[in-house]
Amino acid sequence: MASSLARIVALFFPIPLTSDMQGHTPRRRFGQNFLADPHYIRRIIDAVDPRPGEALVEIGPGLGALTADLIARVGHLHAVEIDRDLAARLRERFNAAQLSLFEGDALHFDFARLSAALSAPLRIVGNLPYNISSPLLFHLAADTASLRDLHVMLQKEVVARMTAAPSTPDYGRLSVMLQAKFAITRLLVVPPGAFTPAPKVDSAVARLTPLGAQAPQLDNEPLFARLVSAAFAQRRKTLRNALAACCAPDDLRAAGIDPQARGENLAVEDFVRLTHEVSKVRD
């Protein structure tokens, strides 16, 4: 078991490890706001409920506010950190038996490969940088078979969009694309004062659980993504106009959709049905 873990560590993460985590200047380009309030740290850890031996991955461990408690619960943690100074501090604070650290951009990290190496679906935890939260979620959603669940902290308004229902102001492309892959629940709101430096907005923690066999069957995911994107590109346009480059009004009617409706009126299943209909016409 130890030798197999060593091989995985060598494959993904070159490692050594200090303990002084003070004196770091937050970098705006990385969207760094560090969680510091013990109350919210405890609540997030309890929501994740990590267990020994699970394949747990922390995105953006930063100053290690969650990292130490995650390691205490799970035993060994994998983490992805883009800031080389913070990565060096983490290596000094935690030893190789506790932490496998990948220094780089989570947007380019191969989570599926790590899952295969560990022979287990990943549990992802992260305080996601606000400036890349949506692209990172799409990156993670590209291979849900490698995931057991995600617990992520984002801007409260982003979580509102992720969980929004059709025909509501927050419902949009992000809602449809993620709800086609995950069951999403908002767990708690975290105020600005829980962070250093304090952001200007509230944050929220969401749980995303892959739908697995319950996910809609999509034979043409690129077409689905294109239709969803076009439908919300100009929200006030009717689908007849918004999707003119992708499909005809007859395709909409064949899918049981009113061409005069707008993208915000369609549920995930409607977009799935339309994708199948347009795929049939193209074939």
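Predicted model, so just to flag it, every value in this text is computed and none were measured.

Undergrad: Let's hear about the environment of Pro216: which residues, and what values?
TA: Residue position: Pro216 is located in the loop between β9 (203-210) and α9 (221-233). Other than its neighbours up to four places away in sequence, Pro216 contacts Ala180, Leu211, Val268 and Val272.

Undergrad: Got a sec to walk through the sheet that holds strand β4 (residues 99-103)? Specific residues and values, please.
TA: An order of β4-β3-β2-β5-β6-β9-β7 is seen for the 7 strands of this open sheet, with the pairing classed as mixed. Both outer strands of the open sheet, β4 and β7 (182-190), are each paired with one neighbouring strand and no more. Averaged over all pairs of adjacent strands, the angle between their axes in this sheet comes to 20°, without regard to strand direction. Bridging between strand β3 (residues 77-81) and β4 involves 5 bridges; their strand directions are parallel. Across the sheet, the residue bridging to Glu81 is Glu103, located in β4. Sitting on the sheet, helix α6 (residues 133-141) is in contact with β2 (56-59), β5 (122-127), β6 (147-155), β7 and β9, with an inclination near 175° to β6.

Undergrad: Before we move on, could you go through the packing of helix α2 (residues 38-48) against helix α3 (residues 67-74) and cite the residues and values that matter?
TA: Following both chains from N to C, one finds α2 and α3 inclined at 35°, their axes separated by 10 Å at the closest point. Crossing handedness for the pair α2 and α3: right-handed. On α3, the residues that touch Ile41, Ile45 and Asp46 of α2 are Asp69, Leu70 and Arg73. Here the residues of the contact of α2 with α3 are counted per class, giving 3 nonpolar, no polar and 3 charged.

Undergrad: I'd like a description of the confidence of the model for the protein, backed by residues and values.
TA: The predicted coordinates of low-pLDDT regions are not to be read in fine detail. With 88% of its residues at a pLDDT of 70 or more, the protein shows a mean pLDDT of 88. Between residues 1-21, whose pLDDT stays under 50, and residues either more than four places distant or in other chains, the model counts 52 contacts. A low-confidence stretch, residues 24-31 (pLDDT under 50), is modelled with 21 contacts involving residues beyond four sequence positions or located in other chains.

Undergrad: How would you summarise the environment of Glu103 if you had to cite specific residues and measurements?
TA: Here Glu103 shows up in strand β4. With 43 residues separating them along the chain, Glu103 and Gly60 place their C-alpha atoms 9.9 Å apart. In contact with Glu103, not counting residues within four places along its chain, are Glu81, Arg84, Ala87 and Arg91.

Undergrad: Before we move on, can you summarise the pattern of salt bridges with the specific residues and values?
TA: Throughout the structure, instances matching the rule amount to 12 salt bridges. Linking Lys181 and Glu221 is a salt bridge whose minimum nitrogen-to-oxygen distance equals 3.4 Å. One end of the pair, Lys181, is in the loop between α8 (173-179) and β7; the other, Glu221, is in helix α9, with 40 residues separating them in the sequence. The buried category is assigned to Lys181, whose relative accessible area is 16%. Here Glu277 ties to Lys280 by a salt bridge, and the two come within 3.4 Å at their closest N and O atoms. On the criterion of helical spacing, the pair formed by Glu277 and Lys280 is a turn pair, its members being 3 residues apart in helix α12 (residues 268-282). The exposure class assigned to Glu277 is buried, which follows from its relative accessible area of 15%. Here the residues in one salt-bridge network are Glu54, Arg123, Arg148 and Asp149, joined through shared partners.

Each value, and the rule that gives it
- Residues numbered from 1 in each chain as written.
- Predicted model: local features only at pLDDT ≥ 70, side-chain atom pairs only at ≥ 80, totals over all residues.
- Heavy atoms only, no water.
- Helix = DSSP H or I, 4+ residues; strand = E, 2+ residues; numbered from the N terminus.
- Contact = heavy atoms within 4.5 Å.
- Pairing = 2+ DSSP bridges.
- Axes fitted to C-alpha atoms, helices over the stretch in contact; angles between N-to-C directions.
- Left-handed = near helix turned anticlockwise from the far one by under 90°.
- Nonpolar A, V, L, I, M, F, W, Y, C, P; charged D, E, K, R; others polar.
- pLDDT = per-residue confidence, 0-100.
- Salt bridge = Lys/Arg side-chain N within 4 Å of Asp/Glu carboxyl O.
- Buried < 20%, exposed > 50% of the residue type's maximum accessible area, 1.4 Å probe, protein only.

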